Amino acid sequence: AQSVTQPDIHITVSEGASLELRCNYSYGATPYLFWYVQSPGQGLQLLLKYFSGDTLVQGIKGFEAEFKRSQSSFNLRKPSVHWSDAAEYFCAVKAAGNKLTFGGGTRVLVKP
Amino acid sequence: DGGITQSPKYLFRKEGQNVTLSCEQNLNHDAMYWYRQDPGQGLRLIYYSQIVNDFQKGDIAEGYSVSREKKESFPLTVTSAQKNPTAFYLCASLGDIQYFGAGTRLSVL
């Protein structure tokens, strides 16, 4: 069965600093991978997705992610964090039956 | 605007009571999903429906029921058999990606 691990429950970063969120997945076939962001009390918004092709994927809000098959990873990065990036971030893998399996999430706090 | 509407935003349940959470979409999507979110546990799939009049159990279906009589609507009932219903519930539909509603927060009185 597929699974997604986000090793960091919380990350605190200073405004203007770089951010990297880790995601490791377990899935037998070629994965479809996603990063979503959730503001408090809100639904999830898609940041970016990887289906095939270029392993470096650009998303919205200045985020990017790199798919590394050899490491079963799909880490999310942003070069310079803004205070509005404080939120919870979820990595997900699409399995058979059009179901998504989500990681436990990483909450990002941004210091002024 | 196209999207997913969940109502109510906040809901309170009394002991022994069934409550129903509404989810409506105007995206013309066939597949719809219900997730439960608890702190630190990510999203867990309760039920999903790939087409009208059909639905399947997800990973944590016990204590919940659904119906899919119309393409646009996928209501979730939290029954009295669900002993720990306090959570944030998210509805989603599938197009090229999954689109999410804004959620319903359910608490027990």
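Just above, that's the structure.
Quick caveat: nothing in here was measured; it's all calculated off a predicted structure.

Caption draft 1: A look at the pattern of salt bridges. Under the defined criterion, the tally for this structure stands at nine salt bridges over all chains. Across the pair glutamate 64 of chain A and arginine 77 of chain A runs a salt bridge, and its minimum N-O distance is 3.3 Å. On the criterion of sequence distance, the pair formed by glutamate 64 of chain A in strand S8 (residues 64–68) and arginine 77 of chain A in strand S9 (residues 73–78) is long-range, its members being 13 residues apart. Looking at arginine 77 of chain A, the relative accessible area reads 23%, which means it is partly exposed. Across the pair arginine 36 of chain B and aspartate 38 of chain B runs a salt bridge, and its minimum N-O distance is 2.8 Å. Look at aspartate 38 of chain B and you get buried, because its relative accessible area is 10%. It is possible to trace a salt-bridge network through shared partners that takes in Glu64, Glu66 and Arg77 of chain A.

Caption draft 2: How the structure looks around the interface of chain A and chain B. Contacts between chain A and chain B engage 18 residues on the former and 20 residues on the latter. The junction of chain A with chain B conceals about 1,500 Å² of combined surface from both sides, 56% of it contributed by carbon and sulfur atoms. If you sort the residues of chain A by the area they bury against chain B, Asn98, Lys99 and Phe102 of chain A come out on top, with a joint share of 28%. Our count for the contact surface shared by chain A and chain B stands at one salt bridge. Lysine 49 of chain A serves as the salt-bridge partner of aspartate 96 of chain B, at 3.7 Å between the closest nitrogen and oxygen. Put simply, chain A and chain B have three residue pairs in polar contact (both at pLDDT 80 or more) between them. Looking at the side of chain A that touches chain B, the elements that each hand over two or more residues are strand S5 (32–38), strand S6 (44–50) and strand S11 (99–102) of chain A. The residue makeup of the side of chain A that touches chain B, split by class, is eight nonpolar, eight polar and two charged.

Caption draft 3: How the structure looks around the pairing of S6 of chain A. Residues and elements named next belong to chain A. In terms of burial, S6 is a largely internal element, five of the seven residues being buried. Bridge count between S5 and S6: six bridges; the pairing is antiparallel. Within S6, the position partnered with glutamine 38 by the bridge is leucine 44.

Caption draft 4: Structural context of the packing of aromatic side chains. Going through the model one piece at a time under the given rule, you end up with 16 aromatic pairs over all chains. A centroid spacing of 6.1 Å and a plane angle of 50° characterise the contact between tyrosine 36 of chain A and phenylalanine 102 of chain A, whose relative ring orientation is tilted. On the criterion of sequence distance, the pair formed by tyrosine 36 of chain A in strand S5 and phenylalanine 102 of chain A in strand S11 is long-range, its members being 66 residues apart. Accessibility expressed as a relative area gives 9% for phenylalanine 102 of chain A, which makes it buried. With a centroid separation of 6.1 Å and an interplanar angle of 75°, the aromatic rings of phenylalanine 102 of chain A and phenylalanine 100 of chain B are classed as edge-to-face. Separated into two different chains, phenylalanine 102 of chain A in strand S11 and phenylalanine 100 of chain B in strand S10 (residues 98–100) make up a pair that spans both. Each member of the pair, phenylalanine 102 of chain A together with phenylalanine 100 of chain B, is buried. Every member of this aromatic cluster is reached through a ring pair, and the members are Tyr32, Phe34, Tyr36, Phe51 and Phe102 of chain A together with Tyr33, Tyr35, Tyr48 and Phe100 of chain B. A cation sits over an aromatic face here: arginine 68 of chain B above phenylalanine 74 of chain B, 5.9 Å from the ring centre.

Caption draft 5: Molecular detail of the nonpolar core. Residues and elements named next belong to chain A. Among the nonpolar cores identified, the biggest contains 26 residues, and Trp35, Leu48, Phe74, Leu76 and Tyr89 are the most heavily contacted of them. At four residues, the largest contribution of residues to this core is made by strand S10 (residues 87–95). Discounting chain neighbours no more than four positions away, the residues touching tyrosine 89 are Gln6, Leu21, Trp35, Tyr36, Val37, Leu47, Phe63, Leu76, Gly105, Thr106 and Val108.

Cut-offs and rules
- Residues numbered from 1 in each chain as written.
- Chains lettered and ligands numbered in written order.
- Predicted model: local features only at pLDDT ≥ 70, side-chain atom pairs only at ≥ 80, totals over all residues.
- Heavy atoms only, no water.
- Salt bridge = Lys/Arg side-chain N within 4 Å of Asp/Glu carboxyl O.
- Helix = DSSP H or I, 4+ residues; strand = E, 2+ residues; numbered from the N terminus.
- Buried < 20%, exposed > 50% of the residue type's maximum accessible area, 1.4 Å probe, protein only.
- Contact = heavy atoms within 4.5 Å.
- Buried area = accessible area lost by both parts, 1.4 Å probe.
- Polar contact = N/O pair within 3.5 Å; in protein donor to acceptor, adjacent residues only side chain to side chain.
- Nonpolar A, V, L, I, M, F, W, Y, C, P; charged D, E, K, R; others polar.
- Pairing = 2+ DSSP bridges.
- Phe/Tyr/Trp six-rings, centres within 6.5 Å; stacked < 30°, edge-to-face > 60°.
- Lys NZ or Arg CZ within 6 Å of the ring centre and 35° of its normal.
- Core = buried A, V, L, I, M, F, W, Y, C linked by side-chain atoms within 4.5 Å.

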